[in-house]
Amino acid sequence: MTDVSRIPESPESEAEIAFEGALRPANLAEFVGQAKVRVQLELLLKAAAMQSRTPDHILLAGPPGLGKTTLALIVAEETGQPIRLTSGPALQHAGDLAAVLSSLVPGELLFIDEIHRMARTAEEMLYLAMEDFRIDIMVGKGAGATSVPLELAPFTVIGATTRAGLLPNPLRDRFGFTAHLEFYEDGELERVLARAARLLDLRVDDAALAEIATRSRGTPRIANRLLRRVRDYALVHETDADEQAVQHALLVYDVDALGLDRLDRAVLQALIDRFAGGPVGVRSLAVSVGEEAETVESVVEPFLVRTGLVTRTQRGRVATQQAYAHLGRTLPGGAVPQGPRLDI
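Residues numbered from 1 in each chain as written. Predicted model: local features only at pLDDT ≥ 70, side-chain atom pairs only at ≥ 80, totals over all residues. Heavy atoms only, no water.

Q: I'd like a description of the overall build of the chain, backed by residues and values.
A: Helices and strands together make up the secondary structure of the chain, namely 14 helices and nine strands. Within the chain, buried positions represent 44% of all 344 residues. Contacts in the chain between residues far apart in sequence, at least 24 positions, make up 68% of those at least 6 positions apart. Here the chain displays about 17,700 Å² of accessible surface, and carbon together with sulfur accounts for 51% of that area. (Helix = DSSP H or I, 4+ residues; strand = E, 2+ residues; numbered from the N terminus. Buried < 20%, exposed > 50% of the residue type's maximum accessible area, 1.4 Å probe, protein only. Contact = heavy atoms within 4.5 Å. Areas by Shrake-Rupley, 256 points an atom, 1.4 Å probe, with all protein chains shown as cover.)

Q: I'd love a proper account of the packing of aromatic side chains, names of residues and values included.
A: Evaluated as defined, the whole model comprises one aromatic pair. Between Phe 133 and Phe 155 the ring centres are 5.5 Å apart and the planes differ by 75 degrees, which places this aromatic pair in the edge-to-face class. Remark: Phe 155 occurs in the loop between β5 (146–151) and β6 (156–161) and Phe 133 occurs in the loop between α5 (120–132) and β4 (134–139); sequence separation between them is 22 residues. Phe 155 sits in the buried class, given a relative accessible area of 1%. In this arrangement the basic side chain of Arg 217 is found over the ring face of Phe 303, its NZ or CZ atom lying 4.0 Å from the centre. (Phe/Tyr/Trp six-rings, centres within 6.5 Å; stacked < 30°, edge-to-face > 60°. Lys NZ or Arg CZ within 6 Å of the ring centre and 35° of its normal.)

Q: Break down the sheet that holds strand β1 (residues 58–61) for me, with residues and values.
A: Neighbouring strands of a sheet are bound in pairs by backbone hydrogen bonds; such pairs are parallel or else antiparallel. Strand order in the open sheet formed by five strands is β2-β3-β6-β1-β7, with parallel pairing between adjacent strands. Only two strands of the sheet have a single neighbouring strand rather than two, namely β2 (83–87) and β7 (177–180). If you compare each strand with its neighbour and ignore which way they point, the axes differ by 15 degrees on average. Here four bridges tie strand β3 (residues 109–113) to β6, and the two strands are oriented parallel to one another. When the sheet's bridge partners are listed, Ile 112 is paired in β6 with Gly 159. Set on the sheet, helix α3 (residues 68–79) makes contact with β1, β2, β3 and β6; between it and β3 the angle comes to about 180 degrees. (Pairing = 2+ DSSP bridges. Axes fitted to C-alpha atoms, helices over the stretch in contact; angles between N-to-C directions.)

Q: Run through the pattern of salt bridges, naming residues and quoting values.
A: Within this structure, the stated rule accounts for 14 salt bridges. Between Glu 42 and Lys 46 there is a salt bridge, with the nearest N and O atoms lying 3.3 Å from each other. In this pair, Glu 42 and Lys 46 both sit in helix α2 (residues 35–50), four residues apart, roughly one turn of the helix. Between Asp 232 and Arg 229 there is a salt bridge, with its nearest N and O atoms 2.7 Å apart. Residue Asp 232 and its partner Arg 229 are located together in helix α9 (residues 220–236), separated by three residues, close to a single helical turn. (Salt bridge = Lys/Arg side-chain N within 4 Å of Asp/Glu carboxyl O.)

The structure is reproduced here in structure tokens:
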């Protein structure tokens, strides 16, 4: 069972935490999507239970919002073991990791979010801990310093990362199982939304669920967030949560038919209107919309590239014909782009 007392507090309100907790599936059977990963995880956990051992270390890799933390909590529920939650940025010294590892009880799960952001010294300590269940602690300083081995209780590391390529090979190789989470299909998102609507006691028809799903960028976290906005709109305007309510609500919150938000469209408009469709470097593009280059590159650009609105070339970012059609712009040279304009 998940040891909730070990989950670090969040700055979110109690209502927000309760909402997120209510929507999280409790076991693999309730988890929607990622069918291959669910089968693989179920096999791994059952084999470990049959052999009365701790499961192999697990690495969950994929874009944000696809369920990595949820899967880690499900593993805790399925194994009946407590789970300790931390993150890579919180482990900036070997001593930070040593304090966590030395306090683990036998069979406990250690979830490290954004594990690729751990400090190098902490990573090197984790290598030995994952492989031999021990760590070496340096006692003293200078020529008189000695290394004292400390045996650890058997435990399982569950690492989550959005940038698997940044993990050093020695660390990546110590995970017995790596799950690659994929973006969700619209049909899967509709099932996620239908389940969330039932838990929220929100009456919403199939057409409305389909409309939300198409604007959710293949991500359950975004789908649930949009569902909340639709619920708020229906509550305030005393209307049913139907397809028309979804369209009106998402118009208020600047989410268009493709799922682009204000910043996405600002980047796309700058690329077309200020830079004639490109090519242009990401730094210049970021300055033109008043954002950090890292934000544009890691938050905005992946979705624009995935939806075919932007392509990346050696010379920079280039707007595609679909981008011109989406914004209702004319292609350079006066050509009319093929395809309908997708208004909000």
